[in-house]
Amino acid sequence: MKKRIKKIYDLVDDDLDSIILYNSTKPHIDLSFYYVTGLVNGEFEGSAVLIYPDQTADILTSKLEEESAKKADMPVTTVGKRDERKTWLKEKFQGMKRIGVNSTELTYHAYMNIKEATDAEIIDISDVIIEARNLKDEDELKRLRKACKIASRVAEQMIDFIEPGMKEYDLAAEISYRMRKQGGSGDAFDIIASSGPNSAEPHYTAGDRVIEKGDFIVLDFGSLYKRYRSDITRTYVVGEATKKQKKIYETVLKAHNEASEMIKPGVKGETVHNKAAEIINSTEFKGRFTHGLGHSIGLSTHDGSGLSPSVDVTLAPGMVYTVEPGIYIPGYGGVRIEDDIVVTEDGCEILTDANRDLVEL
Ligand SMILES: [Mn+2]
């Protein structure tokens, strides 16, 4: 993964001797460890990778992960005891003056281990890591495409599965099972299967509410594939949709379509968000779109960047964002339509291709 190491160093302003990406115990794993090693299998708790300006690297791991680590085509050192880890760090850091760390994913414990092993200046380069990871390369896009394909097919299959009388968790279980059956390695995040009034809660998960005729059903889920994640949301109506339900759905779909059409290199992320917000706020549902339009996605579901007034980013080829406008009416219900979109040289391409017209189940 020399190319990715080069990409990181090209973005660093400081003159660094090395950068360390250091995992603690799950869930405190720095996914950037996988960005630079490309490793698909293994847990790598307590492991670290040191990367150098000449694009070489060293991996430190345990005996348990040795075989998995070797697939990275980088030198691997395995240690058993804690002391051996400290010795390795001390040796590697010898003579170094400036060492970069990814502060947003580094536990205080791991930071102290680094401090004990060196007198070098520790420099936070977390902004650079986000920037590098935000521009996906071909191999990353291949994995994302597959993760999106898995989720899209399941979104379509769920149309024939959902019936009144089922519970929300029946839907969540089915989604998870079907993604696995298509080659996904797990859920990208906790599946949201909300029904009726629960659909007004954007980050609801799934409970034991029984699905009834007239409900909105919001399914928000994604698949993991070779460590990369997709994120799709589709909303359905059980039975015939009322006028109000149709109006909400059509407003969200219009916001989704017109915002997506704006995505191309050179456009500010904020501008895309504002387009969707304007459309929703010009209707009777003003103020009911309560979150940012989207987030960057890749090794993690929220990869660090976003389409929102709070993030300053100019779109460039290789960036992948979700576009997910929604309208939420407390006590009544909500609609969200979400796709994953890659910025191309002259526009964009929607990676999650499931039907997004209103479906009455
Ligand atoms: Mn999302």
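The structure displayed is predicted, hence computed values, not measured ones.

**Describing the domain arrangement of the protein**
The figure often quoted for interface size is the accessible area lost as the parts come together.
Part 1: Taken domain by domain, the protein comprises domain 1 (2–134) and domain 2 (138–360).
Part 2: Using C-alpha coordinates to define each centre, domain 1 is positioned 34 Å away from domain 2.
Part 3: Contact with domain 1, which involves 12 residues of that partner, is made by 18 residues of domain 2.
Part 4: The largest contributions to the domain 1 side of the interface with domain 2 come from V40, R133 and N134, which together make up 50% of the buried area.

**Structural notes on helix 5 (residues 108–117)**
Part 1: Among all positions in helix 5, only A110, N113, I114 and A117 are buried. Along the axis of helix 5, the buried positions cluster into a sector of 95°, meaning they face one direction only. The outward face of helix 5, more than 90 degrees from its buried face, is lined by the exposed residues Y108 and H109.
Part 2: For helix 5, the secondary structure elements touched by its buried residues are strand 1 (18–22), helix 4 (82–93), strand 5 (98–101) and strand 6 (121–124).

**A word on the nonpolar core**
Note that soluble globular proteins tend to have their nonpolar side chains buried in a common cluster.
Part 1: With 36 residues, the main nonpolar core has I8, I19, V49 and I51 as its most contacted residues.
Part 2: Counting residues per element, the ones that place at least two in this core are helix 1 (2–11), strand 1, helix 2 (32–37), strand 2 (48–51), strand 3 (57–61), helix 6 (126–134) and helix 7 (138–161).
Part 3: Top element by residues in this core is helix 2. It accounts for 4 residues.
Part 4: Here this core spans two domains, since at least three of its residues come from each of domain 1 (2–134) and domain 2 (138–360).
Part 5: Those residues in contact with V49, other than ones at most four positions away along the chain, are I19, I20, L21, F33, V36, T37, A57, D58, I59 and M74.
Part 6: Counting 31 residues, the second largest nonpolar core, distinct from the first, contains A255, I263, L293 and M319.

**Thoughts on the sheet that holds strand 4 (residues 76–78)**
Strand pairing in a sheet relies on backbone hydrogen bonds. The paired strands run either parallel or antiparallel.
Part 1: With respect to topology, 6 strands assemble into an open sheet ordered 4-3-2-1-5-6, the strand pairing being mixed. Only two strands of the sheet have a single partner each, and these edge strands are strand 4 and strand 6. Along the sheet, successive strands turn relative to each other by an average axial angle of 25°, direction set aside.
Part 2: When strand 5 meets strand 6, the two strands line up parallel, connected through 4 bridges. Paired with R98 across the strands is E121, a residue of strand 6.
Part 3: Lying over the sheet, helix 5 contacts strand 1, strand 5 and strand 6, oriented at roughly 145° with respect to strand 1.

**What to know about the pairing of strand 12 (residues 232–237)**
Part 1: Among the 6 residues of strand 12, 6 are classified as buried, and the element is accordingly described as predominantly covered.
Part 2: On strand 12, burial covers both faces: I232, R234 and Y236 on one face and T233, T235 and V237 on the other are all buried.
Part 3: Pairing geometry for strand 9 (residues 216–221) and strand 12, over 6 bridges, is antiparallel. For F216, the partnering residue across the bridge sits in strand 12 and is V237.
Part 4: Bridge count between strand 12 and strand 20 (residues 359–360): 2 bridges; the pairing is parallel. Following the sheet pairing, Y236 is matched in strand 20 by V359.

**Remarks on the coordination of the manganese ion**
Part 1: Note on the manganese ion: its protein donors are D231 (OD), H295 (NE2), E324 (OE) and E338 (OE). The metal-donor distances range over 2.1 to 2.3 Å.
Part 2: Counting the intervening residues between successive donors of the manganese ion yields the motif D-x63-H-x28-E-x13-E. Separated by 93 residues along the polypeptide, D231 in the loop between strand 11 (228–229) and strand 12 and E324 in the loop between strand 15 (320–323) and strand 16 (326–329) bring together distant segments of the chain.
Part 3: Accessibility expressed as a relative area gives 3% for D231, which makes it buried.

The rules behind each value
- Residues numbered from 1 in each chain as written.
- Predicted model: local features only at pLDDT ≥ 70, side-chain atom pairs only at ≥ 80, totals over all residues.
- Heavy atoms only, no water.
- Domains from an automatic or database assignment.
- Contact = heavy atoms within 4.5 Å.
- Buried area = accessible area lost by both parts, 1.4 Å probe.
- Buried < 20%, exposed > 50% of the residue type's maximum accessible area, 1.4 Å probe, protein only.
- Helix = DSSP H or I, 4+ residues; strand = E, 2+ residues; numbered from the N terminus.
- Arc of directions from axis to C-beta.
- Core = buried A, V, L, I, M, F, W, Y, C linked by side-chain atoms within 4.5 Å.
- Pairing = 2+ DSSP bridges.
- Axes fitted to C-alpha atoms, helices over the stretch in contact; angles between N-to-C directions.
- Donors = N, O, S within 2.8 Å, 3.2 Å for Na, K, Ca; no water.

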